[in-house]
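The primary structure of each chain is shown beneath.
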Amino acid sequence: MAKTPHRALRLIAAYKAIKALALLVAAIAAFGLIGDGNLETLFAWVMQLPIHHGHDLLVGTIDKLFGLGPRKFLAIGVVLCIYAAVFLVEGWGLWRERRWAEYLTVIVTASLLPFEIWEVVRHYSWLKLATLGANGVIVVYLVHVLHRPRAKLPAQTPGHRRAP
């Protein structure tokens, strides 16, 4: 009988939960910038930070952020919440060792790899490279798991219930 990759699926599930939590924090921040004066208050605070010299990428990103209006922050927050929900569903299903979650995770994670590659090439950072590597390993591993033979379930007999 093939050994169930119980620990690896749990590790991937935890990784998905952490990513979902980070996206929810970012969504809350995006929603928080919608209110009257919040963006201006953040702008005033950022202008007080000593980041203006030698941090061109960060300053450029902040300038772009301040160019967005409230409707864009609302859209960003909604999209982040949707992604967080997908990651939570993936994580829950993987934690419970559900086959559908393995397929869902392969499809979703593999579909995001081209964007991650583009982002690493465009704006390289160790964090982006590590995320790309982790997601690539997850896809390869889950494809391997999906090709393993499934354990046969015992025949349903009166009085015998399959465990969830």
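Whatever comes next refers back to the structure up there.
Everything numeric here is computed off the predicted structure, so don't read it as measured data.

Draft legend 1. Geometry of the packing of helix H5 (residues 99–122) against helix H6 (residues 126–146). One can describe the packing of H5 onto H6 by two numbers: an axis separation of 9 Å at closest approach and a directional angle of 150°. Seen along the crossing, H5 lies across H6 with a hand that is left-handed. Together, Arg99, Glu102, Tyr103, Thr105, Val106, Thr109, Ala110, Leu113, Glu116, Ile117, Glu119 and Val120 of H5 and Lys128, Leu129, Thr131, Leu132, Asn135, Gly136, Ile138, Val139, Leu142, Val143, Val145 and Leu146 of H6 make up the contact between the two elements. When the residues that make up the contact of H5 with H6 are grouped by side-chain class, the tally is 14 nonpolar, five polar and five charged.

Draft legend 2. Molecular detail of the packing of aromatic side chains. One pass over the full model with this rule turns up three aromatic pairs. When the ring of Tyr124 is compared with that of Trp126, the centres are 5.7 Å apart and the planes differ by 70°; the resulting orientation is edge-to-face. Judged by relative accessible area, which is 67%, Trp126 ranks as exposed. Above the ring of Phe87, the side-chain terminus of Lys19 is found at 4.6 Å from the ring centroid.

Calculation rules
Residues numbered from 1 in each chain as written. Predicted model: local features only at pLDDT ≥ 70, side-chain atom pairs only at ≥ 80, totals over all residues. Heavy atoms only, no water. Axes fitted to C-alpha atoms, helices over the stretch in contact; angles between N-to-C directions. Helix = DSSP H or I, 4+ residues; strand = E, 2+ residues; numbered from the N terminus. Left-handed = near helix turned anticlockwise from the far one by under 90°. Contact = heavy atoms within 4.5 Å. Nonpolar A, V, L, I, M, F, W, Y, C, P; charged D, E, K, R; others polar. Phe/Tyr/Trp six-rings, centres within 6.5 Å; stacked < 30°, edge-to-face > 60°. Buried < 20%, exposed > 50% of the residue type's maximum accessible area, 1.4 Å probe, protein only. Lys NZ or Arg CZ within 6 Å of the ring centre and 35° of its normal.

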